[in-house]
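Structural overview for review
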Amino acid sequence: MVDIASLVLRSFQDMVVGAFGEPIGWAVGHTILLLLILSIIWIIRNRNHILKESGWGYSHLQDVTVILLLTGFQYIIYVNLLEFPETASLGISLFVTMSLRWHILVLE
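About the thresholds
Residues numbered from 1 in each chain as written. Predicted model: local features only at pLDDT ≥ 70, side-chain atom pairs only at ≥ 80, totals over all residues. Heavy atoms only, no water. Helix = DSSP H or I, 4+ residues; strand = E, 2+ residues; numbered from the N terminus. Rg over C-alpha atoms; globule rule 2.2 N^0.38 Å. Buried < 20%, exposed > 50% of the residue type's maximum accessible area, 1.4 Å probe, protein only. Salt bridge = Lys/Arg side-chain N within 4 Å of Asp/Glu carboxyl O. Contact = heavy atoms within 4.5 Å. Expected span 1.5 Å × (residues − 1).

1. Observations concerning the overall build of the protein
Within the protein, the secondary structure is distributed over six helices and zero strands. Listed by position from the N terminus, the elements making up the protein come as α-α-α-α-α-α. For a compact globule of 108 residues, the expected C-alpha radius of gyration is about 13 Å, and the protein comes in at 18 Å, more than 25% above that figure. Along the three orthogonal principal directions, the C-alpha set of the protein runs to about 55 × 40 × 20 Å. Split into buried and exposed, the 108 residues of the protein put 14% on the buried side.

2. As for unusual backbone geometry
Positive phi, close to 55°, is recorded for Arg-10, a residue that is not glycine. Within the secondary structure layout, Arg-10 lies in the loop between α1 (4-9) and α2 (11-20). On the basis of relative accessible area, Arg-10 is assigned to the exposed category, the value being 62%. With a phi angle near 55°, Glu-83 is a residue other than glycine that sits in the positive phi range. Note that Glu-83 resides in the loop between α5 (58-81) and α6 (86-107).

3. With respect to the pattern of salt bridges
Two side chains bearing opposite charge may form a pair once their charged atoms approach each other closely. This structure, assessed with the given rule, holds one salt bridge. Where Asp-63 meets Arg-101, a salt bridge forms, and the shortest distance between an N and an O atom there is 2.8 Å. Taken as a pair, Asp-63 in helix α5 and Arg-101 in helix α6 lie far apart in primary sequence, 38 residues in all. On the basis of relative accessible area, Asp-63 is assigned to the partly exposed category, the value being 27%.

4. A closer look at the environment of Arg-101
You can call Arg-101 partly exposed: its relative accessible area is 31%. Measuring from C-alpha to C-alpha, the distance between Arg-101 and Val-66 comes to 9.6 Å, with 35 residues separating the pair along the chain. Residues contacting Arg-101, with those up to four places away along its chain left out, are Asp-63 and Ile-67.

5. Structural notes on the side chain of Thr-71
Within the secondary structure layout, Thr-71 lies in helix α5. Setting aside its immediate chain neighbours within four residues, Thr-71 contacts Leu-90, Ser-93, Leu-94 and Thr-97.

6. What about helix α3 (residues 22-45)?
Relative to the 34 Å expected for 24 residues at 1.5 Å per residue, α3 spans 34 Å between its end C-alpha atoms, a close match to the ideal helical length. For α3, the set of buried residues is Gly-25, Gly-29, His-30 and Leu-33. In this fold, the buried residues of α3 make contact with α1 and α2.

This is how it looks when you write it as structure tokens:
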């Protein structure tokens, strides 16, 4: 069987397989992955309703997206290239992103 869930979920899939065994862990991991994909599709289809009813405008969602992308990009650099620990990399990348955002907003 092809194990796509291990590629996406990584060590979490290993924990699921360790908890439930190989065949059930494979099914649970792929069910989680399927639900994640369906949730993303549902969010994309209902984006206009979310924008109108949530009180968040396009600028808020754009700001959140940029923060997530910058944090993720820095996290990958810190973990893979600089070989920092994962928790420290997440903290540093989030701090640098929010600091950069604050500097841009204050100096704007």
